[in-house]
Amino acid sequence: MSPQEKKDQNRNSIENIANEAMNVLWNICECSSRAVSIFNKEGCLEIVLKYLSRFSTNVDLAISVAYCLQTVTEDNPELLNSFTAPALHVLESAMLSPVSSMDYILLKTLVAGTVWNLKDIIPSKSQAEIINAILKILSEVLEVDAGEIVIQMKEAETQRLKAAAETEEIRENANGDNLIEDDEMEEIPHKRKVRRKTFISDLLPPTDKELREAIALLTAQQTALEIIVNMCCSEDPSDDEWEELSSSDESDAFMENSFSECGGQLLSPLCLSHEVHTAFTNYLIPKKIFEKTAFPNSIAVDLCSRSPTWKSLVRKMNTIQCRALVCLQSLVSLLDVDHLGGAAALQTLAQHLSQLLFSQPDFAKHVDFLEAISSALRALLQTMASKNISQCMTPDQLMTLCTAGIHSTNTGVRVNVVSILGITGSVLAKEDGTLETLKTIGCFLLEVATKDPSLVVAGEALDALFDVFADGKEAERASIQIKLLSALKEFQPVFKTKIRKEGRGKYSPDQLCVLDNVKMNLRRFVAYQETVEKRLTT
């Protein structure tokens with residue numbers, strides 16, 4: 001080995017150790033606020049930025065640094081003052097790198113997330129420019145058809161292995177006359193010897209280049225969607241929103257038609273800051289989020305499912321869909337209806353979500369998908385109800401969703417389906433000919449309120465009952481026929497006792513505050529129902 005080769009080998013070893021160290025540091029800081037505090041005080045920022053500055057020669061190390069930086073800069077005002085102009089320049093250089101490989105796409109996305117975390121220290125005159133740069137990167141990441149890339153990478157791997165196998169076979173044939181006998185080999189009649197079978201995979205150097213590229217892209221898209229949600233919810237970010245979150249590629253034609261009529265701007269986030277709104281609009285971010293809510297490409301899913309080393313990518317593709325649905329929920333909750341494309345666009349969106357949901361007969365088994373899509377539906381139906389926009393789910397579809405969802409072990413799913421039932425029921429209560437449906441909804445909500453083990457879900461069910469039976473002739477008739485008043489009177493002291501006994505040990509102060517409000521509203525609603533029953537029975 002030449003001196004230069006030894007030098008290169010030593011450098012690679014040192015950088016590999018640094019890469020592992022960065023991964024350890026990142027994971028510790030992600031799990032421990034104390035570790036983040038030590039990171040702040042011990043001047044770690046300068047060291048990790050030095051490694052990031054070498055992104056052009058070691059992108060793997062730079063990615064590890066970028067993961068760490070995105071973690072330590074989140075909600076950490078103490079660290080922000082440590083970012084000098086040269087430090088920001090390092091981030092800018094990495095973020096604006098012209099290289100477009102999958103590794104660099106991931107690196108630039110992670111750095112964009114870090115820069116967003118630093119927005120409070122960026123001069124106001126540069127805010128628009130920086131936000132544009134961030135959203136340009138996120139737009140380019142989401143523009144890529146991940147399913148097609150996965151298919152291409154899997155095919156490239158297959159062709160590479162095939163070519164390597166053919167090369168090895170030619171080499172073996174050329175050396176066939178020089179084979180050495182193996183004493184352990186079985187003896188064959190006529191003293192003919194055979195060779196032990198050798199698998200070509202045993203002879204090839206281990207490499208996963210194509211798999212790594214596919215994973216890098218999927219991770220970048222997931223990260224991009226998470227950054228967008230943070231942009232929408234920067235006032236009150238929630239760590240719980242991103243738990244680890246199944247599937248066929250339907251609805252593609254539907255989405256193309258939906259957006260062609262409104263220039264790709266079904267959603268236009270005018271409630272955000274002017275800079276973010278302008279960049280969202282310019283880069284068609286809402287359209288790209290909508291496209292990611294489709295099921296993963298079925299061919300890509302099938303290819304990955306049949307390969308042990310690629311199988312984990314199926315979950316990553318499903319996670320992207322769930323992240324996109326959460327993004328959609330945030331946008332629908334934030335924006336004014338007129339800038340969502342109007343009533344027709346919202347109805348189209350509701351049809352799309354219903355199609356996604358009911359195209360999967362076993363949707364209840366996919367808890368992460370069910371939580372994400374029920375959250376998006378809840379936000380959308382609430383917006384539509386508040387503007388008197390007719391809803392698209394039939395009573396049968398509604399009850400199918402709620403019956404499946406209420407048996408979920410996921411509290412969030414149960415809360416969502418109960419809320420959806422309350423929203424839809426409150427709309428039906430104002431219409432004629434809905435008595436039987438309202439009775440079904442009322443009985444369902446009563447069952448949940450009195451029997452669900454979670455007080456949060458029970459409280460949501462009571463709130464839904466208040467909404468459904470607060471007004472309307474059909475609602476009043478339905479309440480009498482299902483004996484709503486007597487059921488709530490019987491449950492009222494039980495609910496009060498449960499809050500007192502279980503509250504402090506199992507629920508947060510915010511949840512307890514909500515439950516206290518529900519308890520107070522229950523007392524008022526019982527009084528209201530007494531006047532209704534008295535009026536209708538005399």
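Residues numbered from 1 in each chain as written. Predicted model: local features only at pLDDT ≥ 70, side-chain atom pairs only at ≥ 80, totals over all residues. Heavy atoms only, no water.

1. Here's the deal with the overall build of the protein
Part 1: Of the regular secondary structure elements, the protein holds 25 helices and 0 strands.
Part 2: Counting the 538 residues in the protein, one finds 47% classified as buried. (Helix = DSSP H or I, 4+ residues; strand = E, 2+ residues; numbered from the N terminus. Buried < 20%, exposed > 50% of the residue type's maximum accessible area, 1.4 Å probe, protein only.)

2. Describing the packing of aromatic side chains
Part 1: For the structure shown, the criterion picks out 7 aromatic pairs.
Part 2: Ring centres of Phe55 and Tyr104 lie 6.4 Å apart, and the angle between their planes is 75°; on these two criteria the pair is classed as edge-to-face. Taken as a pair, Phe55 in the loop between helix H3 (44-52) and helix H4 (59-72) and Tyr104 in helix H7 (residues 102-117) lie far apart in primary sequence, 49 residues in all.
Part 3: Since its relative accessible area comes to 12%, Phe55 is described here as buried.
Part 4: Arranged with centres 5.5 Å apart and planes meeting at 40°, the rings of Phe295 and Phe369 form a pair that is tilted. Placement of Phe295 in the loop between helix H14 (285-292) and helix H15 (298-305) and of Phe369 in helix H18 (residues 367-386) is noted, with a sequence separation of 74 residues between them. Residues Phe295 and Phe369 agree in their burial class; the two are buried.
Part 5: Within the aromatic cluster, the residues linked to one another by ring pairs are Phe466, Phe525 and Tyr528.
Part 6: Between Lys119 and the ring centre of Trp116, over which it is positioned, the NZ or CZ distance is 4.5 Å. (Phe/Tyr/Trp six-rings, centres within 6.5 Å; stacked < 30°, edge-to-face > 60°. Lys NZ or Arg CZ within 6 Å of the ring centre and 35° of its normal.)

3. Examining a positive patch on the surface
Part 1: Among the surface-exposed residues, Lys496, Arg500, Lys501, Arg523 and Arg524 lie close enough to one another that they form a single positively charged patch.
Part 2: Ranked by residues supplied to the positive patch, first place goes to helix H24 (residues 484-506) with 3 residues.
Part 3: The residue Arg524 is located in helix H25 (residues 509-537) in this model. (Patch = residues over 30% accessible without salt bridge, like charges linked within 9 Å, V, L, I, M, F, W, Y side chains within 5 Å. Areas by Shrake-Rupley, 256 points an atom, 1.4 Å probe, with all protein chains shown as cover. Salt bridge = Lys/Arg side-chain N within 4 Å of Asp/Glu carboxyl O. Lys, Arg positive; Asp, Glu negative; His and termini not counted. Charge placed at Lys NZ, Arg CZ, Asp CG, Glu CD.)

4. Considerations on the packing of helix H19 (residues 395-405) against helix H21 (residues 435-451)
Part 1: Two elements in contact, H19 and H21, have axes whose closest approach is 11 Å; the angle formed by their N-to-C orientations is 10°. The angle between the axes of H19 and H21 places the two elements in the roughly parallel class. Packed against H19, whose contacting residues are Pro395, Leu398, Met399, Cys402 and Thr403, the element H21 presents Thr437, Thr440, Ile441 and Phe444 at the interface.
Part 2: The residue makeup of the contact of H19 with H21, split by class, is 6 nonpolar, 3 polar and no charged. (Axes fitted to C-alpha atoms, helices over the stretch in contact; angles between N-to-C directions. Parallel < 35°, antiparallel > 145°, perpendicular 65-115°, else oblique. Contact = heavy atoms within 4.5 Å. Nonpolar A, V, L, I, M, F, W, Y, C, P; charged D, E, K, R; others polar.)

5. Some details on the side chain of Thr434
Part 1: For Thr434, the location among the structural elements is in the loop between helix H20 (411-428) and H21.
Part 2: Polar contacts involving the side chain of Thr434 include one to the main-chain carbonyl oxygen of Glu431, which spans 3.3 Å.
Part 3: Here Thr434 is in contact with Leu428 and Glu474, once residues within four sequence places are set aside. (Polar contact = N/O pair within 3.5 Å; in protein donor to acceptor, adjacent residues only side chain to side chain.)

6. Focus on helix H23 (residues 473-481)
Residues three or four positions apart in an α-helix share a direction because the helix packs 3.6 residues into each turn.
Part 1: For H23, every residue scored as buried is listed here: Glu474, Ala475, Glu476, Ala478 and Ser479.
Part 2: Where H23 is buried, its residues contact H21, helix H22 (455-468), H24 and H25.
Part 3: Once H23 finishes, Lys483 follows within two positions and takes phi at roughly 55°, a positive value.

7. Details of the confidence of the model for the protein
Part 1: Mean pLDDT over the protein stands at 84; residues scoring 70 or higher make up 84%.
Part 2: Counting contacts from residues 183-206, a segment whose pLDDT is below 50, to residues more than four positions away or on other chains yields 18 contacts.
Part 3: Low confidence marks residues 235-271, where pLDDT is under 50. Its contacts with residues over four positions away, or in another chain, come to 87 contacts. (pLDDT = per-residue confidence, 0-100.)

8. Remarks on the pattern of salt bridges
Part 1: The full count for this structure, using the stated rule, is 19 salt bridges.
Part 2: Where Asp368 meets Arg315, a salt bridge forms, and the shortest distance between an N and an O atom there is 3.8 Å. Taken together, the positions of Asp368 in helix H18 and Arg315 in helix H16 (residues 312-334) put the pair 53 residues apart, joining distant regions of the chain.
Part 3: Lys489 is the partner of Glu530 in a salt bridge, and the nearest nitrogen-oxygen pair spans 2.9 Å.

9. Some points on the packing of H20 against H22
Part 1: Look at H20 against H22: their axes get within 8 Å of each other, and the N-to-C directions meet at 5°. Taken together, the axes of H20 and H22 lie roughly parallel to each other. Facing H20, whose interface residues are Thr411, Arg414, Val415, Val418, Ser419, Leu421, Gly422, Gly425 and Ser426, H22 presents Val456, Val457, Glu460, Ala461, Ala464, Asp467 and Val468.
Part 2: By residue class, the composition of the contact of H20 with H22 is 8 nonpolar, 5 polar and 3 charged.

10. Comments concerning H18
Part 1: Between the first and last C-alpha of H18 there are 28 Å, a value that for 20 residues agrees with the 28 Å anticipated at 1.5 Å per step.
Part 2: Within H18, 14 of the 20 residues are buried, which leaves it mostly tucked inside the rest of the structure.
Part 3: Phi turns positive, to about 55°, at Asn388, one or two residues after H18. (Expected span 1.5 Å × (residues − 1).)

11. Quick word on the nonpolar core
Nonpolar side chains tend to gather and get buried jointly when the protein is soluble and globular.
Part 1: Judged by nonpolar contacts, the single largest core of 162 residues is most densely connected at Leu52, Leu69, Leu107 and Leu462.
Part 2: Ranked by the residues each element gives to this core, the list is headed by helix H11 (residues 209-232), at 13 residues.
Part 3: Taken together, domain 1 (13-122) and domain 2 (395-537) each give at least three residues to this core, which thus spans both.
Part 4: Once residues lying within four places of it in the same chain are set aside, the contact partners of Leu462 are Ala449, Leu488, Phe491, Phe495, Val518 and Leu522. (Core = buried A, V, L, I, M, F, W, Y, C linked by side-chain atoms within 4.5 Å. Domains from an automatic or database assignment.)

12. Quick look at the environment of Thr158
Part 1: By secondary structure assignment, the location of Thr158 is in helix H9 (residues 146-174).
Part 2: According to the relative accessible area criterion, Thr158 is partly exposed, its value standing at 37%.
Part 3: Taking C-alpha positions, Thr158 is 9.7 Å from Glu210, a pair spaced 52 residues apart along the chain.

13. Considerations on the side chain of Arg323
Part 1: In this fold, Arg323 is placed in helix H16.
Part 2: In this structure the side chain of Arg323 is engaged in a polar contact, spanning 3.0 Å, whose partner is the side chain of Glu226.

14. Some details on the environment of Met102
Part 1: Relative to the elements of secondary structure, Met102 occurs in helix H7.
Part 2: Along the primary structure Met102 and Ile215 are separated by 113 residues, whereas in three dimensions their C-alpha atoms are 8.6 Å apart.
Part 3: Non-local contacts of Met102, meaning those with residues more than four positions away in its chain, are made with Ile149, Glu213, Ala216 and Leu217.

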